[in-house]
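Observations on chain architecture
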Amino acid sequence: MKMPYTAKIKVTLRRSILDVQGKAVEHALKNLGYGTVESVRIGKYIEVTINEEEQLQAERIANEISQKLLSNPVMENYSLELELVK
Amino acid sequence: MADVLVGVVVFPGSNCDHDTEYAVASFEGVKPVMLWHNEHDLKGAQAIILPGGFSYGDYLRAGSIARFSPIMQEVIEFARKGFPVLGICNGFQVLLESGLLEGALSRNRDKKFLCTQTTIKPVNCSTIFTSRYKEDDVLTIPIAHGEGNYFAPDEVIESLEEHDQIAFKYTDSLGEVTEAANPNGSLKNIAGIINRQGNVLGLMPHPERASEKLLGSVDGRALFESLFMHIAGV
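Just so it is clear, the model here is predicted, and its values are computed rather than measured.

Looking only at helices and strands, one finds 5 helices and 11 strands in chain B. Over its C-alpha trace chain B gives a radius of gyration of 16 Å, about what one expects of a compact globule, namely 17 Å for 234 residues. Taking the principal axes of the C-alpha coordinates as reference, chain B spans close to 45 × 40 × 35 Å. In chain B, which comprises 234 residues, the share counted as buried stands at 52%. Put simply, 76% of the contacts in chain B that link residues at least 6 apart link residues at least 24 apart.

Contact residues are listed per partner, giving 8 residues for chain A and 12 residues for chain B. Across the side of chain A that touches chain B, the residue classes break down as 7 nonpolar, 1 polar and no charged.

Here the focus is the environment of A66 of chain B. Its location among the elements puts A66 of chain B in the loop between β3 (47–50) and α2 (70–80). Among all residues touching A66 of chain B, those that are not within four sequence positions of it are F11, S55, Y56, M72 and V94 of chain B.

Before going further, it helps to examine the sheet that holds strand β7 (residues 139–145) of chain B. Residues and elements named next belong to chain B. The sheet built from 9 strands is open, its strands ordered β2-β1-β3-β4-β11-β10-β9-β6-β7 with mixed pairing. Looking at the sheet topology across the chains shown, the edges are occupied by β2 (30–36) and β7. This sheet shows a mean twist of 25° between the axes of neighbouring strands, independent of strand direction. Judged from the 4 bridges that link them, strand β6 (residues 114–122) and strand β9 (residues 166–171) form a sheet pairing that is antiparallel. Residue pairing for β9: P122 is matched across the bridge by F168. Helix α5 (residues 221–232) rests against β1 (4–10), β2, β3 and β4 (85–88) of the sheet, and its axis sits at about 130° to β1.

Our focus in this paragraph is the confidence of the model for chain B. Per-residue confidence for chain B averages 97 on the pLDDT scale, and 100% of its residues sit at or above 70. Prediction confidence for the complex, expressed as pTM and ipTM, is 0.94 and 0.86 respectively.

Per-chain confidence: chain A averages 96 in pLDDT, with 100% of residues scoring 70 or above. Per-element mean pLDDT across chain A ranges from 95 in helix α1 (residues 20–31) of chain A up to 98 in strand β2 (residues 44–52) of chain A.

This brings us to the environment of A191 of chain B. Relative to the elements of secondary structure, A191 of chain B occurs in strand β10 (residues 190–194). Taking the C-alpha atoms as reference points, A191 of chain B and L227 of chain B, 36 residues apart in sequence, are found 18 Å from one another.

Residue and element names in this part refer to chain A. The strand order β2-β1-β3 describes an open sheet built from 3 strands, whose pairing is antiparallel. At either margin of the open sheet sits one strand with a lone partner, and together these are β2 and β3 (76–84). On average, each strand axis in the sheet is inclined to that of its neighbour by 25°, with strand direction left out of account. Of the pairings in the sheet, the one linking strand β1 (residues 3–13) to β3 comprises 9 bridges and is antiparallel in character. By the bridge assignment, T6 is partnered in β3 with E83.

Analysis parameters
- Residues numbered from 1 in each chain as written.
- Chains lettered and ligands numbered in written order.
- Predicted model: local features only at pLDDT ≥ 70, side-chain atom pairs only at ≥ 80, totals over all residues.
- Helix = DSSP H or I, 4+ residues; strand = E, 2+ residues; numbered from the N terminus.
- Rg over C-alpha atoms; globule rule 2.2 N^0.38 Å.
- Buried ≥ 20, exposed ≤ 12 C-beta atoms within 10 Å, placed from the backbone.
- Contact = placed C-beta atoms within 7 Å.
- Nonpolar A, V, L, I, M, F, W, Y, C, P; charged D, E, K, R; others polar.
- Pairing = 2+ DSSP bridges.
- Axes fitted to C-alpha atoms, helices over the stretch in contact; angles between N-to-C directions.
- pLDDT = per-residue confidence, 0-100.

Here's what the structure looks like:
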């Protein structure tokens, strides 16, 4: 029987890539007086629900789509967590 | 002699498609043919241009969704067979996402969307897209992008340089490659690159917006002219 699995995928810019959005937010936080804020990095959070019989298969698909479309390996990394939707 | 047919791809969100069509049509013996993203038919085009704009709203990453559109499967095949493909601005982003060119374009260094004239120079004038330029030319061609900051790992940059694949660089008005003349933070001031085979070119500046005196510059015309003369075998 197919079950719904939710893949929670985080895509972040590689450390070597300048994150201009993060920099802008970092400056804003410092202007607000949060002097202990050291840095801000902004990424994307994506939830994908996949109907599969086996968790392993759902995980394989989640990894495949993360590499193929959801992230660009030239400048981004991704991480994912998979859970069964109750 | 039959007209040279040039395909201009239209994605939802393309906004330089008609400018490109207009520029292409201004050359004698050349006819543009518009190709909708959902089609699989290149309609006999002898070269393909991917125009600027915001294909699919730039969702996810610029060019990332366009790369999987039906027409792109044909364009990728067309390029792999060695036929000419030119990507301008968003079209360059689509070519990088497709893997037809190497590297990526991230947010501009200074966070701003830039819509301005730039000066660039052709670095390699022996390609089918640049043969009508001379290496000491300084071209005035506008840019209009938020994500034009070219990045690639060191080994890719070295390989691009070794194989003469850097086609255009941002320069000052004298043609000097300086940090001050770099509008968006691109590595090595790169404004455009070509693939190893020499049939796929991507660049951020808009040659179609520099194709008529009224627009302030005609320096983009020689790029189209180089390509069309190559196809016509002149």
